[in-house]
Amino acid sequence: MTERTVMAVPVTAVQLAPMVRDAITRLNRRVRQTRPVGDLTATQLNALTSLELAGALTPRELADVERVQPPTMTKIIAKLEERGLVQRSPHPTDGRQVILAATEAGRAVLAQFERARDEWLASRLAELRPEERDTLRRAAEILRKLASA
């Protein structure tokens, strides 16, 4: 049996861009679908995550971050408040405004979702060969570099 050498065919940035975008989109979609049993919608989870990342936002700022209309965000906030995942506090400088923040329960829900996603991804990564995982580790470093550019 003879050994075949597979030569990598160089690709241009223009050719690589849709390949990388598609792979990231598909993986992100699959990871986002992995979540613990519960009745929190993806939209509610996204809003809660934005609040946790930002620390605190006004309802208008949260609507802008999530790219939804304020009336839609009002409904999302109401559902999160019902579940005790978000709390309102007075705005420090504008008495007409409120500041929203994730509660301890909200942070716990986010941690539960993150654990479920990490467990799913870790189980998929465990199916790969060590050299494939090493390639992904290097790719993750490169993607992080691209994201911060």
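Up top is the structure.
Procedures and definitions
For every chain, the first residue of its written sequence is number 1, and the numbers climb from 1 along that sequence. Restriction of local features to residues with pLDDT of at least 70 applies here, the model being predicted, together with a cutoff of 80 or more for giving and counting side-chain atom pairs; totals for whole chains, interfaces and linings are based on all residues. In computing side-chain values, all of the structure's heavy atoms are included and hydrogens and water are not. As a rule, the C-alpha atoms of each element are fitted with a line to give its axis, helices using only the stretch in contact, and angles between N-to-C directions run from 0 to 180 degrees. Counting from the N terminus, the helices are the DSSP runs of H or I reaching at least four residues and the strands are the DSSP runs of E reaching at least two. Oblique is the label for any angle not covered by the other classes, which are roughly parallel (under 35 degrees), roughly antiparallel (over 145) and roughly perpendicular (65 to 115). By convention, the crossing between two helices is left-handed when the near helix turns anticlockwise from the far helix through less than a right angle, and right-handed when the turn is clockwise. Two residues form a contact once any of their heavy atoms are found within 4.5 Å. The residue classification treats Ala, Val, Leu, Ile, Met, Phe, Trp, Tyr, Cys and Pro as nonpolar and Asp, Glu, Lys and Arg as charged. All others, Gly included, are polar. The patches reported here contain residues having more than 30% relative accessible area and no salt bridge. Joining distances are 9 Å for like charges and 5 Å for nonpolar side chains (Val, Leu, Ile, Met, Phe, Trp, Tyr). We get accessible surface area from the Shrake-Rupley algorithm with a probe of 1.4 Å; when it comes to residues, only the shown protein chains can shield them. Salt bridge, as applied in this entry: a Lys or Arg side-chain nitrogen positioned within 4 Å of an Asp or Glu carboxyl oxygen. Between buried and exposed lies partly exposed: a residue is buried under 20% and exposed over 50% of the maximum accessible area for its type, with that area taken using a 1.4 Å probe on protein chains only.

Student: What is the right way to look at the packing of helix H2 (residues 42-54) against helix H5 (residues 104-126) in this model?
Tutor: To characterise two packed helices, one gives the angle between the axes of the helices and the distance between these axes. Interhelical geometry of H2 versus H5 gives an angle of 110° and a closest axis separation of 10 Å. Looking at the two axes, H2 sits roughly perpendicular to H5. Pair H2 / H5 crosses with left-handed handedness. Every residue of H5 that contacts H2 at Leu45, Leu48, Thr49 and Glu52 is listed here: Gly106, Arg107, Val109, Leu110, Phe113 and Arg117. Residues that form the contact of H2 with H5 fall into these classes: five nonpolar, two polar and three charged.

Student: Please explain the side chain of Thr58 as it appears in this structure.
Tutor: Structurally, the position occupied by Thr58 is in the loop between H2 and helix H3 (59-66). Thr58 has contacts with His91, Gln97, Val98, Ile99 and Leu100, leaving out every residue within four places of it along the chain.

Student: Teacher, can you tell me more about a nonpolar patch on the surface here?
Tutor: Judged by side-chain polarity, Ile24, Ile142, Leu143 and Leu146 come together as a nonpolar surface patch covering roughly 370 Å² of accessible area. Top contributing element to the nonpolar patch by residue count: helix H6 (residues 130-148), with three residues. Taking the relative accessible area as the measure of exposure, Ile24 reaches 42% and is therefore partly exposed.

Student: Please explain the environment of Gln44 as it appears in this structure.
Tutor: With respect to the helices and strands, the residue Gln44 is situated in helix H2. A C-alpha to C-alpha distance of 11 Å links Gln44 and Thr74, two positions 30 residues apart in sequence. Ignoring any residue separated from it by four or fewer positions in sequence, one finds Gln44 in contact with Asp39, Ile76, Lys79, Leu80 and Arg83.

Student: It is not clear to me how the packing of H2 against H3 should be interpreted in this structure. Could you clarify?
Tutor: Between H2 and H3, the least distance of the axes is 10 Å, while the angle of their chain directions is 115°. Of the two possible hands of crossing, H2 and H3 adopt the one that is right-handed. Residues Asn46, Ala47, Ser50 and Leu51 of H2 touch H3, and the partners they reach there are Leu62, Val65 and Glu66.

Student: Sorry if this is basic, but what is going on with the pattern of salt bridges here?
Tutor: Enumeration according to the criterion identifies 12 salt bridges in this entry. With a shortest N-O distance of 2.7 Å, Glu131 and Arg129 are connected by a salt bridge. Owing to a relative accessible area of 44%, Glu131 belongs among the partly exposed residues under this scheme. Judged by relative accessible area, which is 47%, Arg129 ranks as partly exposed. Ionic contacts of the salt-bridge type, sharing partners, join the residues Asp134, Arg137, Arg138 and Glu141 into one network.

From the geometry alone we can't say anything about function, so treat these as descriptive.
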